[in-house]
Structure formats: structure tokens, C-alpha cells
Amino acid sequence: RFGRSSELPGEDPLLSGEYAYHVVSGMQERDAGGYPKVAAFLQHFTAYSTEANRGRDNYAISAFDLFDSYLPQYELAFRASPAGVMCSYTGVNGH
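Residues numbered from 1 in each chain as written. Predicted model: local features only at pLDDT ≥ 70, side-chain atom pairs only at ≥ 80, totals over all residues. Heavy atoms only, no water.

Q: Please set out the overall build of the protein residue by residue, giving values where relevant.
A: Scanning the protein from terminus to terminus reveals three helices and four strands. For the protein, with 95 residues in total, the buried portion stands at 31%. Taking the intrachain contacts of the protein between residues at least 6 apart in sequence as the baseline, contacts between residues at least 24 apart amount to 72%. When the accessible surface of the protein is split by element, carbon and sulfur atoms take 55% of a total near 6,400 Å². (Helix = DSSP H or I, 4+ residues; strand = E, 2+ residues; numbered from the N terminus. Buried < 20%, exposed > 50% of the residue type's maximum accessible area, 1.4 Å probe, protein only. Contact = heavy atoms within 4.5 Å. Areas by Shrake-Rupley, 256 points an atom, 1.4 Å probe, with all protein chains shown as cover.)

The structure is reproduced here in C-alpha cells:
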């Protein structure tokens, strides 16, 4: 199971993506002067799970799983135009 599930509303990528979209949108609402109140950053893009072996893991993920389970929530979250993205500490398929 996903090691950081306490940080998410669940394991469903669409639910997580909708949640992230609304959190980012709400955090980056503009004040009366037109400035964002907070700069929201997404983390950890993508396929990050455990704290063990940080920076040395390499996850082998099929193309189907990558596009069906790992990336949809980020696609939805990016639609809210976050200020930035923190990468994961792991490699994916040798990269």
C-alpha cells in the first residue's frame, strides 16, 4: 500500500486529483490587491511512496499503471496552475 496515504483523501487518482485541484485553487485565491495569498506547490511528482532508500529507489511501473494510476491526479492538479512542483526522490523505469 501507498506509504503516504495519510496525506491524501484516498488512493483513487481522480478523487485525489479533484481534491488537489480545489486545494490549490483555494490556496492561491487572490487578495483584494490581486496578489495570490499563498503559493501552492504540488509534491511529490511522481511515484513517491516511502522514506526508506530516499534517492536510491527506482520503481518499475508499466505504462498502463503510470498513466492510469500515478499521473491522473497530477493532470487535474496542474489545471489549477500551482506555483511549482516538488519532484519525487525516486527513479521511475530507470530515469
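That shown, we press on.
Q: I'd like a rundown of the packing of aromatic side chains, residues and numbers included.
A: Here a ring pair, both rings aromatic, is described through the centre-centre distance and the interplanar angle of the planes. According to the stated counting rule, one finds one aromatic pair in the structure shown. Aromatic side chains tyrosine 74 and phenylalanine 78 sit 6.5 Å apart centroid to centroid with 35° between the ring planes, which places their arrangement in the tilted category. Highlighted residues: tyrosine 74 and phenylalanine 78, both in helix α3 (residues 72–78), separated by four residues, approximately one helical turn. On the accessibility criterion, tyrosine 74 (11% relative accessible area) is buried. Looking at phenylalanine 78, the relative accessible area reads 35%, which means it is partly exposed. (Phe/Tyr/Trp six-rings, centres within 6.5 Å; stacked < 30°, edge-to-face > 60°.)

Honestly, that's just the spatial picture; any functional story needs more than this.
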